[in-house]
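The lines below spell out each chain.
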Amino acid sequence: MAAAFGHGGGLAFPAAPAVAGATSPTGPRERRRGRGRKSRAVTVAGVRPSSPHGRFGAVSVGGAGVMAVETLSPDWEFDRVDDGSQKIHAEVQLKNYGKFLEEYTSQLRRIEDALDDSIGDVWDFNLDPIALKLLPYEQSSLLELIKTENKVLNKVITVYAALCCEIKKLKYEAETKFYNGLLFYGEGATNASMVEGDCQIQMGRFISFLQELSCFVTRCYEVVMNVVHQLAALYISNKIAPKIIETTGVHFQTMYEHLGELLTVLLTLDEIIDNHITLKDHWTMYKRLLKSVHHNPSKFGIQEEKLKPFEKFLLKLEGQLLDGMIFQVPAITLTANIIWFPDSFLIQKIPAAAKLLDRKSLQAIKIHRDTFLQQKAQSLTKDVQSYYVFVSSWMMKMESILSKEQRMDKFAEDLTNRCNVFIQGFLYAYSISTIIKTTMNLYMSMQKPMTKTSVKALCRLVELLKAIEHMFYRRSMVVADSVSHITQHLQHQALHSISVAKKRVISDKKYSEQRLDVLSALVLAENTLNGPSTKQRRLIVSLALSVGTQMKTFKDEELFPLQVVMKKLDLISELRERVQTQCDCCFLYWHRAVFPIYLDDVYENAVDAARLHYMFSALRDCVPAMMHARHLESYEILLDCYDKEIMEILNEHLLDKLCKEIEKDLRLSVHTHLKLDDRNPFKVGMKDLALFFSLNPIRFFNRFIDIRAYVTHYLDKTFYNLTTVALHDWATYSEMRNLATQRYGLVMTEAHLPSQTLEQGLDVLEIMRNIHIFVSRYLYNLNNQIFIERTSNNKHLNTINIRHIANSIRTHGTGIMNTTVNFTYQFLKKKFYIFSQFMYDEHIKSRLIKDIRFFREIKDQNDHKYPFDRAEKFNRGIRKLGITPEGQSYLDQFRQLISQIGNAMGYVRMIRSGGLHCSSNAIRFVPDLEDIVNFEELVKEEGLAEETLKAARHLDSVLSDHTRNSAEGTEYFKMLVDVFAPEFRRPKNIHLRNFYIIVPPLTLNFVEHSISCKEKLNKKNKIGAAFTDDGFAMGVAYILKLLDQYREFDSLHWFQSVREKYLKEIRAVAKQQNVQSASQDEKLLQTMNLTQKRLDVYLQEFELLYFSLSSARIFFRADKTAAEENQEKKEKEEETKTSNGDLSDSAVSADPVVK
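- Taking an unreviewed UniProt entry as the reference, the protein chain is identified by name as WASH complex subunit 4 belonging to Papio anubis.

Laid out in structure tokens, this is it:
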């Protein structure tokens, strides 16, 4: 390791250029005191070796702080009046510049500090763009390292060292590749999503993996055999046979440890496969599929000669891997969710042992196991509390010991303390990890449910485990610096012990081969320790000491400290890797069912919200292992499933609950005046949910989960959506938004919804789509041009006027107007069909024909006035034909039909008025409507781009449309008359010609209905109350125009007849009142007053109807008959032809001139 970090250990950059913050010969202290400080504030760190400022080679920014001010050009000298504004502006600019310089200086300082070579910085576990790898490394081979003059010993140590290295490689391959590949088989695909054949496809993809596993297992067998053979060759029981070296008192414990590790690998593979039900099921299905293929290979496009070798290969795999025959020697292992019971293993593998055990013994083992688990569960809470104190105090020790500056006079003592603290942290991690894995896996394998208390306690232990790992990581810089020194210190201690023993051996002058071997081994250990503490060197030292400790070379009080030092050296040399292994929480994937319970606990105890970081760090540990899955098209599928599952649980059990609780709290706080519930914290308790918002974003997969941002977005979205639904609540939501900022520190987005909106009422589109409902539920007022809701469940009635329609047209565009008229036309078609059916009915038609005949007979005697009595008689006679359950006669229904037709026409009128209103509002920005500039021509003259030309053309078109619309608008009434009139006036619809004679009884029916509605306005029950319904007058006027019957209706002089009738009755009542006033009969007078009042009301209603009908007739040009309109139309067409002819003549005469 190069001394890039100042103390001989850390990260080395080969041939790195001089970068600010790198080590310089002058040292960091001198730089700070010297010239660097002056230039640092105004330089940008860069790579310029030739710079006179040494490592601060840079681009200078305003070195002396002098600004050059250019002379103002003469064009700017027009304003010589000094009003003080220039001075103010100059001061403001100077302040801004000073502020910029301050910010820039502090920014540069931060950059320099970040690149500085101090080793006290804290690293964030979630942001690790760079990491330190502390494992010592060298390129020397075993043969180069194992060099002594004792050739035989060299060979022995080399063979054993090579075997140990091979075992380590095999173990690493098994742990990273094969364990994970087997464990994750079948994951990432739910039963619901799997279709027939998916199992076989997965197994088909997995065969190549099993083949690799078969080769791996075969290799393991070979290595085990080799280890046994090599040990057998060394330890010969035959006393006569020559020995390679003297092995009396030599114990190669390292060899047995490594052999145990390899056998553990084989056992683990057996246990994983034995516990993997999905793998076995899929294997069986795959074999069945193979049989099907065997019977008909051509169907599957497979050659038969290739099939048999493949079947043999599968049988070999099954025999070697799937029958639990990988390992046949007892050992104990634990990986992921696989737990191994020695008793079960012995009974299964050694039938002789099974015979020795009776049922009681077996039962006793199970009872003992249950008792152990029960005791573990009971002691979990205490364990958590104890370890919480232990780990907290250890973290404090770490912080304090690593923060202190190392004193040279107590350097060795300080290194020993650091070493002990590091080892203590590792041992805590080891103990906690063992408790978690053992307890969780025992619960799982014994299929016993965990209590919530146990789950919470285990999750707390997981957090402590990750806290230890984070502590080591946070102080990576200092740990990295310390590890190299501690390693050297431990090597020195070991070398001292070995040198003492070596002197003792040399001082003994007796020669023997055994003594020579011991001396050679000690020399080898000594030489090997003089170098980096790599795995190979430590292995060689361990093997050498196995030989070198015989013949009482070391005293008992010397040997044990040496063994302790070597163990410490092993641990410290691989500190980062060993801590990472112990703190690896990959096993949580198999126990992720505890995650919802954990999140519920975090939500309930918001005080410890920060521990979420530790749990997500533990969940992230599963990812590297999942990348070895081979049964899916890509391991990305498995990762996506896992990501989705965890995020769904997080949303459901924490984020969504948090969002709803915050919203509820804000809502109740704003509506405290309503006293909705008891919010006394002493009674109902209180949760400080604001702590969740002080959390840093949580890293998970390739994203950061920001709880603050999530809740803020939820509230923003909710408040915005609810404000749009009920704009009158804008103030409430604005208050809630401010409260969220004050109480929880959430930076809310302003909704930017208007506190007052365009008065749009019912939208034109909604009315257009539901016009049949609209015309029946709304009443039209002709004079004010408004629609009023007939009835409502609310305390108010909705209205629609021209302004609403104009605003709606402005929203949707003027194109909506024509569409609305088309919808109205479709609606009228349906209504006129019903109208025709009613008029064609025999009962109605016969009565109308009689009335026409009667009027013709008596009109001369009755002064050409239709008798009121006859209309009244018709109205009463219709009721005899039948009434609806609501008490309506056929004439009532016919009146309603005409009112709806009239309402539709009123709506068309309002659409036209709204369109004019909208266009006039838009066109008011044009200065002169008589002289509008042609923008297209101006753009052409200037020779601007094609896009500009298109824009100008579009603008001209818009201006033209608005000008035309605001000036005249479209004659929709004329269109609707022209489209229906020809059909109405055809001979086949002769029955419609009787309509004019039904108008008198219809008006009478309408007046009675109108008076009834107005009287209900003063009653408590206002159902059916109304004060206007001009749709009827509009409908009558429209239908009379379609039938061209204005003159026929006028010939009845109906309203004159009504007026005379009521005036006559009023006079008669007045006369009677005069007579009766003399007799002073009060009751009779009251009756007469009521009668007079009733007659006045009726007369007034008829007058109002007459005025409304007269007004409505104006829209349809009642002054002209159909014949007169046709004549006028012909005259206009002739005028147009004449004017066109004049134009063509002038064009012809101009031709020669053009030529």
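**Brief notes about the overall build of the protein chain**
- Looking only at helices and strands, one finds 42 helices and nine strands in the protein chain.
- Across the 1155 residues of the protein chain, 42% fall into the buried class.
- Restricting to contacts in the protein chain with at least 6 residues of sequence separation, those with at least 24 account for 77%.
- For the protein chain, the accessible surface area stands at approximately 65400 Å², while carbon and sulfur atoms represent 55% of it.

**Considering the packing of aromatic side chains**
- All told, the structure shown has 51 aromatic pairs when counted by the stated rule.
- With a centroid separation of 5.8 Å and 10° between ring planes, the pair formed by Phe390 and Tyr428 is classed as stacked. One end of the pair, Phe390, is in helix α12 (residues 359-403); the other, Tyr428, is in helix α13 (residues 411-445), and 38 residues separate them in sequence.
- What makes Phe390 partly exposed here is its relative accessible area of 38%.
- Ring-pair connections join several aromatic residues into one group, and the members of that group are Tyr825, Phe832, Phe835, Phe838, Phe894, Phe973, Phe980, Phe984, Phe995, Tyr1038, Phe1115 and Phe1116.
- Sitting above the plane of the Tyr589 ring, Arg592 keeps its charged end 4.1 Å from the centroid.
- Here the basic side chain of Lys845 rests over the ring of Tyr840, its NZ or CZ set 4.3 Å away from the ring centre.

**Topic: the sheet that holds strand β9 (residues 799-800)**
- The strand order across the open sheet formed by three strands is β7-β8-β9, and the pairing between neighbours is antiparallel. A single partner strand is all that each edge strand has here, and the edge strands are β7 (778-781) and β9.
- The sheet contact formed by β7 and strand β8 (residues 786-789) spans four bridges and is antiparallel. Each residue of the ladder has a partner; that of Tyr780, found in β8, is Phe787.

**Re the pairing of β7**
- The side-chain alternation of β7 yields two buried faces, one formed by Tyr778 and Tyr780 and the other by Leu779 and Asn781.
- Taking the residues that link successive antiparallel strands as the turn, the β7-β8 hairpin has four residues, and the phi of Gln785 there is positive, at about 55°.

**Some remarks on a positive patch on the surface**
- A cluster of like positive charges, contributed by Lys850, Arg853, Arg856, Lys873, Arg876 and Lys880, occupies part of the molecular surface.
- Those elements that provide at least two residues to the positive patch are α31 (842-858) and α32 (868-879).
- Ranked by residue count, the leading element in the positive patch is α31, at three residues.
- With respect to the element layout, Lys873 can be found in helix α32.

**Looking at helix α21 (residues 612-620)**
- Counting buried positions along α21 gives eight out of nine residues, so the element sits mostly inside the fold.
- Along α21, the positions that sit buried rather than exposed are Leu612, His613, Met615, Phe616, Ser617, Ala618, Leu619 and Arg620.

**Here's the deal with the nonpolar core**
- Leu612, Phe692 and Ile707 are the most contacted members of the largest nonpolar core, which totals 177 residues.
- Looking at this core element by element, the count peaks at 15 residues for helix α5 (residues 151-183).
- Among residues more than four places away in sequence, those in contact with Ile707 are Leu612, Leu654, Leu655, Leu658, Phe692, Phe693, Leu695 and Ile698.
- Grouped together as the second largest cluster of nonpolar side chains are 91 residues, Met817, Leu897, Tyr996 and Phe1116 included.

**A closer look at the side chain of Ser899**
- Secondary-structure assignment places Ser899 in helix α33 (residues 890-923).
- A relative accessible area of 5% places Ser899 in the buried class.
- The contact partners of Ser899, leaving out residues within four places of it in the chain, are Asp1029, Gly1031 and Phe1032.

**Here we look at the confidence of the model for the protein chain**
- In the predicted model, the protein chain carries a mean pLDDT of 78, and 79% of its residues have values of at least 70.
- Per-element mean pLDDT across the protein chain ranges from 31 in strand β1 (residues 43-45) up to 93 in helix α38 (residues 1031-1042).
- Segment residues 1143-1155: pLDDT under 50, and zero contacts once partners within four positions in sequence are set aside and those in other chains are kept.

**A short note on the environment of Met477**
- Residue position: Met477 is located in helix α15 (residues 476-507).
- A residue is classified by how much of its surface remains accessible, and Met477, at 10% relative accessible area, is buried.
- A C-alpha to C-alpha distance of 9.6 Å links Met477 and Ala131, two positions 346 residues apart in sequence.

**Concerning the packing of α5 against helix α17 (residues 535-548)**
- Viewed as axis vectors pointing N to C, α5 and α17 meet at an angle of 130°, and their least axial separation amounts to 10 Å. Considering their axes alone, α5 and α17 lie oblique with respect to each other. In this structure, α5 meets α17 at a crossing whose hand is right-handed. The residues of α17 that touch α5, namely those facing Leu153, Ile157, Tyr160, Ala161, Cys164 and Cys165, are Gln536, Leu539, Ile540, Leu543, Ala544 and Val547.

**Regarding unusual backbone geometry**
- Positive phi outside glycine occurs at Gln785, with the angle close to 55°.
- Summarising the element assignment, Gln785 is placed in the loop between β7 and β8.
- The phi angle at His864 is positive, at roughly 60°, despite the residue not being glycine.
- Positionally, His864 belongs in the loop between α31 and α32.
- Judged by its relative accessible area of 33%, His864 is partly exposed.

**Considerations on the packing of helix α16 (residues 513-529) against α17**
- α17 packs onto α16 with a crossing angle of 160° between their chain directions and a minimal axis gap of 8 Å. Looking at the two axes, α16 sits roughly antiparallel to α17. Of the two possible hands of crossing, α16 and α17 adopt the one that is left-handed. Listed contacts from α17 to Asp517, Val518, Ala521, Leu522, Leu524, Ala525, Asn527, Thr528 and Leu529 of α16 are Arg537, Ile540, Val541, Ala544, Leu545, Val547 and Gly548.

**Re the environment of Gly877**
- Mapping Gly877 onto the fold places it in helix α32.
- The buried category is assigned to Gly877, whose relative accessible area is 6%.
- Each C-alpha atom of the pair Gly877 and Leu891 lies 10.0 Å from the other, and the pair is 14 residues apart in sequence.

**A closer look at the pairing of β8**
- Here β8 shows no split at all, with Ile786 and Ile788 on one side and Phe787 and Glu789 on the other all buried.
- For β8 and β9, the ladder comprises two bridges, and the chain directions are antiparallel. From the neighbouring strand, Phe787 faces β9, where its bridge partner is Ile800.

**Considering α32**
- Relative to the 16 Å expected for 12 residues at 1.5 Å per residue, α32 spans 18 Å between its end C-alpha atoms, a close match to the ideal helical length.
- Within α32 the residues assigned to the buried category are Phe868, Arg870, Ala871, Phe874, Asn875, Gly877 and Ile878.

**A few points about the side chain of Ser669**
- Structurally, Ser669 is set in helix α23 (residues 635-670).
- Overall, the relative accessible area of 14% leaves Ser669 in the buried class.
- Here Arg743 takes part through its side chain, which lies 2.8 Å from a polar atom of the side chain of Ser669.

Here is what the cut-offs are and how they apply
Residues numbered from 1 in each chain as written. Predicted model: local features only at pLDDT ≥ 70, side-chain atom pairs only at ≥ 80, totals over all residues. Heavy atoms only, no water. Helix = DSSP H or I, 4+ residues; strand = E, 2+ residues; numbered from the N terminus. Buried < 20%, exposed > 50% of the residue type's maximum accessible area, 1.4 Å probe, protein only. Contact = heavy atoms within 4.5 Å. Areas by Shrake-Rupley, 256 points an atom, 1.4 Å probe, with all protein chains shown as cover. Phe/Tyr/Trp six-rings, centres within 6.5 Å; stacked < 30°, edge-to-face > 60°. Lys NZ or Arg CZ within 6 Å of the ring centre and 35° of its normal. Pairing = 2+ DSSP bridges. Patch = residues over 30% accessible without salt bridge, like charges linked within 9 Å, V, L, I, M, F, W, Y side chains within 5 Å. Salt bridge = Lys/Arg side-chain N within 4 Å of Asp/Glu carboxyl O. Lys, Arg positive; Asp, Glu negative; His and termini not counted. Charge placed at Lys NZ, Arg CZ, Asp CG, Glu CD. Core = buried A, V, L, I, M, F, W, Y, C linked by side-chain atoms within 4.5 Å. pLDDT = per-residue confidence, 0-100. Axes fitted to C-alpha atoms, helices over the stretch in contact; angles between N-to-C directions. Parallel < 35°, antiparallel > 145°, perpendicular 65-115°, else oblique. Left-handed = near helix turned anticlockwise from the far one by under 90°. Expected span 1.5 Å × (residues − 1). Polar contact = N/O pair within 3.5 Å; in protein donor to acceptor, adjacent residues only side chain to side chain.

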